[in-house]
Amino acid sequence: MAPSVPSGRFDRVLDAAFATGTLATIATGGALLGFGWREGEAGRAFRLAGRGLLERLGVVSAAAPLTSVALGYLHHLAVATGWGILLALLLLPFRGVTRVLVALALAAAYTVLAGTWLPATLRIGYAVTSTIPGAVPIGAALALALLGGIWLHATDRDA
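A short tour of the structure in this document, coming up. (Residues numbered from 1 in each chain as written. Predicted model: local features only at pLDDT ≥ 70, side-chain atom pairs only at ≥ 80, totals over all residues. Heavy atoms only, no water.)

## A few points about the overall build of the protein
Inference 1: Helix and strand counts for the protein come out as five helices and zero strands.
Inference 2: When its helices and strands are written in sequence order, the protein yields α-α-α-α-α.
Inference 3: Of all 159 residues assigned to the protein, the portion counted as buried reaches 40%.
Inference 4: Looking at the protein alone, contacts between residues at least 24 apart form 66% of all its contacts between residues at least 6 apart.
Inference 5: Accessible surface for the protein amounts to roughly 8500 Å². Of this, 72% is attributable to carbon and sulfur atoms. (Helix = DSSP H or I, 4+ residues; strand = E, 2+ residues; numbered from the N terminus. Buried < 20%, exposed > 50% of the residue type's maximum accessible area, 1.4 Å probe, protein only. Contact = heavy atoms within 4.5 Å. Areas by Shrake-Rupley, 256 points an atom, 1.4 Å probe, with all protein chains shown as cover.)

## Considering the packing of helix 1 (residues 9–39) against helix 3 (residues 65–91)
When two helices pack together, their arrangement is given by the angle between the helix axes and by the axis-to-axis distance.
Inference 1: Taken N-terminus to C-terminus, the directions of helix 1 and helix 3 make an angle of 130 degrees; their axes are 7 Å apart at the nearest point. Taken together, helix 1 and helix 3 sit at an angle that is classed as oblique. The interaxial crossing formed by helix 1 with helix 3 has right-handed handedness. Contacts from Val 13, Leu 14, Ala 17, Phe 18, Thr 20, Gly 21, Ala 24, Thr 25, Thr 28, Gly 29 and Leu 32 of helix 1 reach helix 3 at His 76, Leu 77, Ala 80, Thr 81, Gly 84, Ile 85, Ala 88 and Leu 89.
Inference 2: Split into classes, the residues belonging to the contact of helix 1 with helix 3 amount to 11 nonpolar, eight polar and no charged. (Axes fitted to C-alpha atoms, helices over the stretch in contact; angles between N-to-C directions. Parallel < 35°, antiparallel > 145°, perpendicular 65-115°, else oblique. Left-handed = near helix turned anticlockwise from the far one by under 90°. Nonpolar A, V, L, I, M, F, W, Y, C, P; charged D, E, K, R; others polar.)

## Description of the pattern of salt bridges
Inference 1: What the rule picks out here adds up to two salt bridges.
Inference 2: Across the pair Arg 38 and Glu 39 runs a salt bridge whose closest N-O atoms are separated by 3.7 Å.
Inference 3: Here Arg 38 falls in the exposed class, since its relative accessible area comes to 61%.
Inference 4: Given the relative accessible area of 47%, Glu 39 is considered partly exposed. (Salt bridge = Lys/Arg side-chain N within 4 Å of Asp/Glu carboxyl O.)

## Topic: the nonpolar core
Inference 1: Among the nonpolar cores identified, the biggest contains 26 residues, and Leu 32, Trp 83, Leu 87, Tyr 110, Ile 124, Ile 138 and Leu 142 are the most heavily contacted of them.
Inference 2: Those elements giving two or more residues to this core turn out to be helix 1, helix 2 (44–56), helix 3, helix 4 (96–116) and helix 5 (132–153).
Inference 3: Of the residues forming this core, the biggest block, seven residues, is contributed by helix 5.
Inference 4: Val 13, Ala 17, Ile 85 and Leu 92 belong to the second largest nonpolar core, which has six residues in total. (Core = buried A, V, L, I, M, F, W, Y, C linked by side-chain atoms within 4.5 Å.)

## Digging into the packing of aromatic side chains
Inference 1: Evaluated as defined, the whole model comprises two aromatic pairs.
Inference 2: Taking the centre distance of 5.4 Å and the plane angle of 75 degrees together, the rings of Phe 46 and Tyr 73 count as edge-to-face. Within this pair, whereas Phe 46 is found in helix 2, its partner Tyr 73 is found in helix 3, the two being separated by 27 residues in sequence.
Inference 3: Classification of Tyr 73 as partly exposed rests on a relative accessible area of 40%.
Inference 4: Seen from their ring centres, Trp 83 and Tyr 110 are 5.0 Å apart, and the 65 degrees between their planes marks the pair as edge-to-face. Separated by 27 residues along the polypeptide, Trp 83 in helix 3 and Tyr 110 in helix 4 bring together distant segments of the chain. (Phe/Tyr/Trp six-rings, centres within 6.5 Å; stacked < 30°, edge-to-face > 60°.)

Here it is in structure tokens:
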């Protein structure tokens, strides 16, 4: 077996971005569960997202209630991970206090975009987070995930 080639800087940045994307998915998933618990149904946000996606495809979601929850959860996995990776790639070039400030600014920018401009299919939480007050918990969860991703990448030093 050939010895493994040391990972380059690009590979380390991608690893950190994917790890941050995973953190973003977990953190925002918890926020969405909180929305549901507040309404008395933990999976409500995922059910509503799946229902909206099914109806876009012309499928009556009442005929497939479990499918709508599963589809909503898969939508969350894809969209939240994508946003986490994208924001992490924008964040990782910064260092020190600047990185913390940029992480907070990126989370705030996502909150404003999600609450005002983003279409539902690109929004974490689909239509549940279509207003600024609805998007704030998601933005806070994203901020925590981005700040957590900082520590994942903290040991990375340029050679």
